[in-house]
Structure formats: C-alpha cells, structure tokens
Amino acid sequence: MMDLLNPVRWFKNRSFRNFLSLSFIQGSNMLVGILATPMIFGAVGEEQFGLITLALSIVMLLNVFVSYGYHMSGPRKVALDSKDSLKLSGLFSTILFSKSVLAFFCIGVIGLLIFYFGAFSNYSLILLFSLPLVLSEVVFPLWLLQGLERMKMLSIGNLIAKVIYVLLLYFFVQKIEDGYKVNFLLGVSALAVNIFLIILIRRKWKINLTLVKTKYVVQSIKENGYLFFSSLAGHISVNSGVIILSNIVTDSALGVYSLAQKVPFLVRMLPILVAQSMLPKASRLYRDDKNAFITSIANAYRLTLIISLLVSVVTLIFSNHIIHFLSAGTNTEAIEILNVMSFIPFLSALNIGNMLLVLSSDSKKLLFTSTWISTLVMLFLGVIGSYLFGVLGMSYALLLTELLTFLIQTFVNYRGMFQETSSFYRRCLKMSF
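Residues numbered from 1 in each chain as written. Predicted model: local features only at pLDDT ≥ 70, side-chain atom pairs only at ≥ 80, totals over all residues. Heavy atoms only, no water.

Section: the overall build of the protein chain
Within the protein chain one finds 21 helices and zero strands. Taking 22 Å as the expected radius of gyration for a compact globule of 433 residues, we find that the protein chain reaches 21 Å, a close match to that expectation. Along the first, second and third principal axes, the C-alpha atoms of the protein chain reach 55 × 55 × 40 Å. Here the analysis covers contacts within the protein chain between residues at least 6 apart in sequence; of these, 83% occur between residues at least 24 apart. Accessible surface for the protein chain amounts to roughly 19,900 Å². Of this, 69% is attributable to carbon and sulfur atoms. Considering the protein chain, the positive charge centre built from 34 side chains and the negative charge centre built from 18 side chains are found 13 Å apart. (Helix = DSSP H or I, 4+ residues; strand = E, 2+ residues; numbered from the N terminus. Rg over C-alpha atoms; globule rule 2.2 N^0.38 Å. Contact = heavy atoms within 4.5 Å. Areas by Shrake-Rupley, 256 points an atom, 1.4 Å probe, with all protein chains shown as cover. Lys, Arg positive; Asp, Glu negative; His and termini not counted. Charge placed at Lys NZ, Arg CZ, Asp CG, Glu CD.)

In structure tokens:
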C-alpha cells in the first residue's frame, strides 16, 4: 500500500506521466472553454452562439472522417514499432497522406453543398470559415506522441494554441457580425501550432516523410474501416444532439442547450484520457503478460470511476454558478439542463475498462458492433426525446445512452472475449471488497 502511495513511483510511470500531460491538455481546453464562452456568448448572443456550435458540430463530424480511426490504431502501432525508425517513418507518412486525402475530400463536399446546392443557408459563412479545423486535424500529432508516450510536447503546444485563440477572440470577436470568426480563429491557431509540432517531432525522432504509393493509402484506409465506423458511431451518439435539435427547436433554445452541454462534455473527456494514456502500455502488456494487463487496467478503472463520480457531484452542486459564469449572467434556463447532464462524465467512465479491453486486443469488430447498436439507440431516444420534450428530452436521452452503451459493450465483450472480460471484472470486484 505504501508503495502505491509513493509519488516518486507514480511519476516514474510513463503511463501516469502521459495521463498528466493529457489531463493538462484537457484542463487547458476546459479553462479556455470556460474563459472563451462568456466572451463569445456576450458578443454574439444565444442565437449566433447556437449556430456557431452547430457549425462546429458538423466540422467535428468531418474530423472523425479525417481521423478515420487512426487515433485508435495509430498509438497501438507506434507503441509496438517505436524502436524501428524505418517502420515508424512509413507509418507516419501513410497516415499523414491518408488523412490529407480524406480532408480535401471533405472540404470539397462542403464547398459543393454550399455553392451548388445552397445547403446550410443560415450559417454557411460560419461553416466555411470553420474548415481550417479540418486541416488542423490532418497534422494533429496526438496519435504519434501518444504511441511514443511523449505527451509533454503536445500539452505545451496545445496550451500555446489556446492562448493564441483567446487573444484573437478578444481582439476580433466583439459584435454579432463577428460570429463567423470564432471557429476560424480556433482552426488557424490549432493548424499553425500543429504544423510546428510536426516539424519538431520529425527532427527529434528522425522520422522521414516520404511519398506513399496510392495502393498503400488505399490499404491503410481499408484496414481502418471498422475503427472509422466505430469512431463515427461514438461521435454521433455523443455529439449529434445539436444537429438533431437544430431541426426541432428554435435557434435560441439550441443556444441554451449548447451552453449547458459545455462543461459535461469537456469533463467527459477525463475517462477518455485514461484510456488514451493507458493504451500504449496496455497493448504491450496484452501481448506479453495478460495477468499484468488485467491488473493494470483494473487499477486505472477503479480510480477513474472515483474521480468521475466526484466531478459529476461537484458539477451538480455548482450548476447554477457555472451557468451564471458561462452566460455572463444572462441565462438561467440552462441550469436545469446542466443538472440533468452533470452525471454524463461518471456514466461515460463506466465503459473505459471495456474500451481498453477491445482496443488493446485490436478487437475491431467487437467495437464496431457495440458502438453502432449504441448509436442507433441514442438516435431513437434523442429524436423522440427532443420531439416530445425539447432540449430537456435530449439531455435525458444522452444520459440514458451513456448507461446503455456500457451495458451493450459489456455484453458484446463477454460474447466475443469472455476470458479477458470475466477476468477483468473479477479483478475489479476483488479490489472493491
């Protein structure tokens, strides 16, 4: 027990240091979100704020396509081949070129829809100026540094990008007409810093960027098909609320919902950070020592549940203060919505153990099956809930979806990898008593 409480032991653990770096990234994102939201909301109003969030939701959906599951497969492959510079260079070049092809395809489709078909008419300018975020995803080096277990560089770069973003907001977003600039400034600041990080990474680890044959790009995209569709399903189940509501409620109500979801969705990243920081080590342990693998992820799972529960309770207790600050004292309708959504981080954390099991074992089909079942459930609950009860109905739908996602993934894991899943939950139960 004393050894577990030894801070020196923890800081020598590379997975823990990666978790700290990822937590710093998410913490800075959360802080910037908290600081930027009242600036934006106060300048453009709730209707424009809702449209900005809607455009951002569409771009984030495009980024799932650009990422194409490489954020899940990339770290695992880098972790297993980190000592081979030739393989690392080939992997880096293939993923970069693949993401570039996907990004320009997405940008072309959006341009065609806007200029030829007249789509997104009431926020087309906002959406167009949000597209630099798609390019920033191409050169986002999270997957590479995560696999190398060297996240400190990314945490510093992310902080610099967010500081630049806030400063740009302060100078350039001051009235309703400036709404189209919000996502644009976020995109260009991220793009500039990510390009700089890529240059540093290549020099530090001597990674060469080489031309990749078309057949290898196509092969890479085919191999990641299951992970892409799993990522797409996961993104839809969590982030499609804004898009669904945009077709049912007013822009003003959409703005209220967008404001209330800010904190729960940011804090929801905590369990995801645990999975990301654990994945490289867990992948190696799964290959080399199954018993150590089960013990390691069970320890991380228990700690994540405790922290997520505490965060959810704190969010519930201080919900009125949170909304008062985020809306610059102009909105109280979002408090009830935040009260409902405050336990989303804890319910999301329930599924982290399952996710580590399937990702470490590279069980792509299991993940594909469970995520799409969960997504269909969410879409059904979200549409019905929104139609009957508006934004509050969507909030309850998201809360219930998180619980059902955990139950569905657990069932699928027991069916597909019974030995590992049963060993994991037995270990968790032993730890609890």
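Observations concerning the nonpolar core
Ile40, Leu144, Tyr165, Tyr257 and Phe424 are the most contacted members of the largest nonpolar core, which has 130 residues in total. Of all the elements, helix α2 (residues 14–67) adds the most residues to this core, at 19 residues. The residues touching Leu144, leaving out its near neighbours within four places in the chain, are Val78, Leu88, Phe92, Ile201 and Ile207. (Core = buried A, V, L, I, M, F, W, Y, C linked by side-chain atoms within 4.5 Å. Buried < 20%, exposed > 50% of the residue type's maximum accessible area, 1.4 Å probe, protein only.)

Notes on the environment of Ala298
Here Ala298 lies in helix α15 (residues 290–317). In sequence terms Ala298 and Gly179 are 119 residues apart; their C-alpha atoms lie 45 Å from each other.

Here's the deal with the packing of helix α13 (residues 251–267) against helix α14 (residues 269–288)
The geometry of α13 relative to α14 is characterised by a closest axis approach of 5 Å and an angle of 25 degrees between their N-to-C directions. Our classification of the angle between α13 and α14 gives roughly parallel. On the side of α13, the interface is formed by Phe265, Leu266 and Val267, while α14 contributes Met269, Leu270 and Pro271. Grouping the amino acids of the contact of α13 with α14 by side-chain chemistry returns six nonpolar, no polar and no charged. (Axes fitted to C-alpha atoms, helices over the stretch in contact; angles between N-to-C directions. Parallel < 35°, antiparallel > 145°, perpendicular 65-115°, else oblique. Nonpolar A, V, L, I, M, F, W, Y, C, P; charged D, E, K, R; others polar.)

A word on empty space enclosed by the protein
Where empty space is left can be seen by rolling a probe of water-molecule size over the atoms. The tally for this structure, following the rule as stated, stands at three cavities of 30 Å³ or more. Put simply, the second largest cavity is a space of about 60 Å³. In terms of lining, the second largest cavity is formed by Met72, Ser73, Arg76, Leu227, Val358, Leu359, Asp362, Ser363, Lys364 and Leu367. Elements that contribute at least two residues to the lining of the second largest cavity include exactly α3 (70–81), α19 (352–360) and α20 (364–416). Here the element with the most residues in the lining of the second largest cavity is α3; it accounts for three residues. Broken down by class, the residue content of the lining of the second largest cavity amounts to five nonpolar, two polar and three charged. (1 Å grid on protein atoms, 1.4 Å probe; cavity = no way out; pocket = protein on both sides within 12 Å on 5 of 7 lines; lining within 4 Å. Points joined across faces, edges and corners; volume = space filled by probe spheres on them.)

Quick look at the confidence of the model for the protein chain
One rule of thumb: low pLDDT means the predicted coordinates there are not for detailed reading. Per-residue pLDDT for the protein chain averages 88, and the proportion of residues at 70 or more is 95%. Confidence, read as mean pLDDT per element, is least for helix α1 (residues 7–12) in the protein chain (52) and greatest for helix α6 (residues 132–138) (97). Here residues 1–5 is modelled with pLDDT under 50, and outside its nearest four sequence neighbours on either side it reaches three contacts, counting other chains as well. (pLDDT = per-residue confidence, 0-100.)

Topic: the layout of surface pockets
Empty space within the second largest pocket amounts to approximately 370 Å³. Lining the second largest pocket are 19 residues, and of these Lys77, Gly90, Leu91, Thr94 and Glu223 lie nearest its centre. Looking at the lining of the second largest pocket, the elements that each hand over two or more residues are α3, α4 (85–115) and α10 (214–223). Here the lining of the second largest pocket gets seven residues from one element, more than from any other, and that element is α4. Looking at the lining of the second largest pocket residue by residue, the class counts come to seven nonpolar, eight polar and four charged.

Some remarks on the environment of Leu62
Within the element layout of this structure, Leu62 appears in helix α2. Its relative accessible area of 15% is what places Leu62 among the buried residues. C-alpha of Leu62 to C-alpha of Leu131: the two residues are 69 residues apart in sequence and 9.3 Å apart in space. Residues contacting Leu62, with those up to four places away along its chain left out, are Cys106, Ile110, Leu131 and Val134.

Notes on the side chain of Ser28
Relative to the assigned elements, Ser28 resides in helix α2. Reaching out from Ser28, the side chain makes a polar contact with the side chain of Asn158 at a distance of 2.8 Å. The contact partners of Ser28, leaving out residues within four places of it in the chain, are Asn158 and Leu159. (Polar contact = N/O pair within 3.5 Å; in protein donor to acceptor, adjacent residues only side chain to side chain.)

Looking at the packing of aromatic side chains
Tallied over the full model, the rule gives 20 aromatic pairs. With a centroid separation of 4.5 Å and an interplanar angle of 10 degrees, the aromatic rings of Tyr68 and Phe228 are classed as stacked. Taken together, the positions of Tyr68 in the loop between α2 and α3 and Phe228 in helix α11 (residues 225–239) put the pair 160 residues apart, joining distant regions of the chain. For Phe228, a relative accessible area of 6% corresponds to the buried category. Pairing Phe424 with Tyr425 gives two aromatic rings, centres 4.8 Å apart and planes at 70 degrees, and the pair type is edge-to-face. What makes Phe424 buried here is its relative accessible area of 0%. (Phe/Tyr/Trp six-rings, centres within 6.5 Å; stacked < 30°, edge-to-face > 60°.)

Remarks on the packing of α13 against helix α16 (residues 319–326)
In the contact formed by α13 and α16, the axes pass within 10 Å of each other and the chain directions differ by 120 degrees. Compared by their axis directions, α13 and α16 come out oblique. Considering how the two elements wind past one another, α13 and α16 form a crossing that is right-handed. Seen from α13, the contacting residues are Leu259, Ala260, Lys262 and Val263; seen from α16, they are Ile322, Ile323 and Leu326. The residue inventory of the contact of α13 with α16, partitioned by class, reads six nonpolar, no polar and one charged. (Left-handed = near helix turned anticlockwise from the far one by under 90°.)

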